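Residue strings, one per chain:
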Amino acid sequence: MGLLSDPNRRRALTKLLTRLNAPICVMCYLAGVAWFMGLAFEPFTLRTYMSENAMGSTMVEERFPAGERALATGREFAAHKKKVGGMPVDWLVKTMQSRGLEVFTQSFTRKLPFPDENKERYMVRGTNVYGILRAPRAPRTEALVLSAPCSEGNNNNQAVGLLLGLAQYFRSQIHWAKDIIFLVNEHDLIGMQAWLEGYHHTNTTGGDWSPLQGRGGSIQAALSLELSSDVITSLDLVLEGLNGQLPNLDLANLFYAFCQKIGVLCTIQGKLQRNDWDTTSGYSHAAQTMMLMVLKQASGRPWGDHGLFLRYHIEAASIRGINSFRQYKTDTTTIGRLLEGMYRKLNNLLERLHQSYFFYLMPSLSRFVSIGYYMPAFGLLAVILLLRALDLWVQLGASPPGTEDGVAGGVQPSSPGVLSILTPVVISHMTGVALYTLPILSQEMAVQHFPVSETEAVVLTAIAIYTAGLALPHNTHRLLQGEGTEEGWRVLKLVALLYLAVLLGCTALINFSLGFILALSLVPIAAFITPHTPKALSAAIMVLLSPGCTLLYCVFLFQELQETPVSLQDGWMLFLSVISQGILDHALYGSLVYPLLALLIYPCWLLLWNILFWK
């Protein structure tokens, strides 16, 4: 406090920060990137451990014996599904009733804002079937969910068979203290969204569904099962949910503990854990796993049916069976025992999972990076914006208006008016509003005048508005104030820096991965862009680091990390598909990534673009 209260010391500190501002900013950026990359190094991570005492004290004995019978049920389900050309509702109802469950159905209808060409659907109609196993030893105020989506073709038939097999086996047990809901949902996420909204008496996405006739208790946890083969080589745990939400870390720890106990190969991001952390290849493997999690979390989309449970504060994850070239095989009976053990431990919970972390990254299933370890990487990037804002504040306070070097001229022009600063801010955000609203509203007109489909019209309209925005805010300050002043662009940049710092900080608190990726690309241009830099070079750098190009780089990086590299043409098509899927995810499930980019991030980038061409 004495350093800041003493005017001489405060003045000396300000001069030091101003003189060394650029070197400090460069060092902070490099330190932030290095800190993030070091998070995958095992000595810098924490070993996972069970925080919830009710789940970690002892292990249960798993006795599920009916793996072959479950496979036979799955084949029967596949035959009926093929016969009716979709969800065999009547067969599922009879089968669940024969296993002693209270069975109910829910019909739903959803019209998409534009056709989903990836899954070839526009008007979606379907039925969810669920059965409730009532708790024999409790007042039925809490529940657990086991779900399996009814997928097209031959996908996920084994998961439905195992779900029905577990329902029959659980019915014979007397130790259940919670209701167990066995759910088979149609049309993947759309059906799951309809069921969750019906269960919780909410309608946040505008879907049309019938009310649920039967309910269990308050849902404590849920697992979504995806199996498409009689024999699998490993089980992959999927954690990333809507808007980057993650389940409590204890749920992942529980899965890993039972995999270790039963002897099942388990992966995260499709990658096995390696023990050679002290080698270059071992570190590279952990870094790739962590970066895959970062990219998935930053996308904001639910990567499984479990992702929609998280918005209702229900801890959930998806377990996906992988059948690869590995020689190690696991049968359905073993998977059933693993699920039995997990539900037995979840049945012991006296309260919701809350003891462990909700914000974390996982370079492997046995190691994690807590929020206290990864937030400094973002903080080192965010402090650059504050340092540059401090530098501008000092310059504005020291230099007379209208001069570049601090020497006053004979005639000093007046300081910039409010309108000269407010105009580019308003027009930039109006462009963002157009980017958010017009692609869907103008699709019919685009289809009538151009030979494109509705989906192509939405995506191409979004790209056209994004590109046109480069010209619309260009020198907009001159509309009301004539020539811009030297002090004017500094004030506008000060506003943009503080705006971007607050925006990225709030984003990182909700979705660290998204905030960090945006900071990597936006902080350098926000820190060093001025009207006095070479126009052509600076404009090219700004375009290459714009939000749209950052998304394109992430598409190629994601394919590389998944070891499925694509050509430039295929990558471009994936880029277009990601745009359409992002708009659909916002309309269907409430994903916030598209409105964040369109209404806030892109207008902020346009402010920086306007500063570059300030005259």
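Residues numbered from 1 in each chain as written. Predicted model: local features only at pLDDT ≥ 70, side-chain atom pairs only at ≥ 80, totals over all residues. Heavy atoms only, no water.

A short note on the overall build of the chain
- Helix and strand content of the chain: 22 helices and twelve strands.
- Taking 2.2 N^0.38 as the reference for a compact globule, 615 residues should give roughly 25 Å; the C-alpha atoms of the chain span a radius of gyration of 28 Å, in line with that estimate.
- Dimensions of the chain along its principal axes, counting C-alpha atoms only, are 95 × 60 × 45 Å.
- Going through the 615 residues of the chain one by one, you find that 54% of them count as buried.
- Of all intrachain contacts in the chain linking residues separated by at least 6 positions in sequence, the fraction that spans at least 24 positions is 81%.
- For the chain, the accessible area works out to roughly 26400 Å², and carbon and sulfur atoms hold 61% of it.
- Averaging the locations of the 45 positively and 44 negatively charged side chains of the chain gives two centres separated by 4 Å. (Helix = DSSP H or I, 4+ residues; strand = E, 2+ residues; numbered from the N terminus. Rg over C-alpha atoms; globule rule 2.2 N^0.38 Å. Buried < 20%, exposed > 50% of the residue type's maximum accessible area, 1.4 Å probe, protein only. Contact = heavy atoms within 4.5 Å. Areas by Shrake-Rupley, 256 points an atom, 1.4 Å probe, with all protein chains shown as cover. Lys, Arg positive; Asp, Glu negative; His and termini not counted. Charge placed at Lys NZ, Arg CZ, Asp CG, Glu CD.)

A closer look at the pairing of strand β12 (residues 367–370)
- Covered by surrounding structure in β12 are R367 and V369 together with F368 and S370, the residues of both alternating faces.
- Pairing between strand β1 (residues 46–47) and β12: two bridges, direction antiparallel. Each residue of the ladder has a partner; that of L46, found in β12, is F368.
- Remark: two residues form the turn of the hairpin made by strand β11 (residues 360–364) and β12, two consecutive strands paired antiparallel. (Pairing = 2+ DSSP bridges.)

Section: the nonpolar core
- Within the largest apolar cluster, 114 residues are counted, with the highest numbers of intra-cluster contacts made by F36, W195, F309, F378 and L504.
- Among the elements that make up this core, the one with the highest residue count is helix α22 (residues 593–612) (14 residues).
- Non-local contacts of F309, meaning those with residues more than four positions away in its chain, are made with V145, M192, W195, L196, A222, I314 and A316.
- Membership of the second largest hydrophobic core comes to 67 residues, among which are M96, L146, L162 and Y169. (Core = buried A, V, L, I, M, F, W, Y, C linked by side-chain atoms within 4.5 Å.)

As for the packing of aromatic side chains
- Inspection of every chain in the model, using the stated rule, returns 22 aromatic pairs.
- Aromatic pair Y374 and F512: ring centres 4.3 Å apart, planes at 35 degrees, arrangement tilted. Here F512 lies in helix α18 (residues 512–528) and Y374 lies in helix α12 (residues 371–398), a separation of 138 residues in the sequence.
- Given the relative accessible area of 3%, Y374 is considered buried.
- Relative accessible area serves as the criterion here: at 4%, F512 is assigned to the buried category. (Phe/Tyr/Trp six-rings, centres within 6.5 Å; stacked < 30°, edge-to-face > 60°.)

Some points on the UniProt feature "transmembrane region" (unreviewed entry) in the chain
- Listed under "transmembrane region" (unreviewed entry) in the UniProt record, and renumbered for this structure, are residues 20–41, 371–390, 417–436, 457–476, 496–529, 536–558 and 592–614.
- Overall, residues 496–529 shows 94% helix and 0% strand. The separation of its end C-alpha atoms is 11 Å.
- Taken as a whole, residues 592–614 contains 87% helix and 0% strand, while its terminal C-alpha atoms sit 32 Å from one another. (UniProt positions renumbered as here; feature names shortened; annotations may be inferred.)

A few points about the side chain of K178
- For K178, the position within the fold is in the loop between α7 (157–171) and β5 (179–186).
- A relative accessible area of 2% places K178 in the buried class.
- Side-chain polar atoms of K178 contact the backbone oxygen of N347, separated by 3.2 Å.
- Of the polar contacts made by the side chain of K178, one reaches the backbone oxygen of L349; its length is 2.6 Å.
- Those residues in contact with K178 that lie beyond four places of it in its chain are L133, A135, E142, A143, L144, Q220, L346, N347, N348 and L349. (Polar contact = N/O pair within 3.5 Å; in protein donor to acceptor, adjacent residues only side chain to side chain.)

Overview of the sheet that holds β1
- Taking strand neighbours across the sheet as the criterion, the three strands line up as β1-β12-β11 in an open arrangement whose pairing is antiparallel. Where the open sheet ends on each side, the last strands, each with one partner, are β1 and β11.
- Examined bridge by bridge, β11 and β12 share three bridges and lie antiparallel to one another. In the strand pairing of β12, Y360 is matched with S370.

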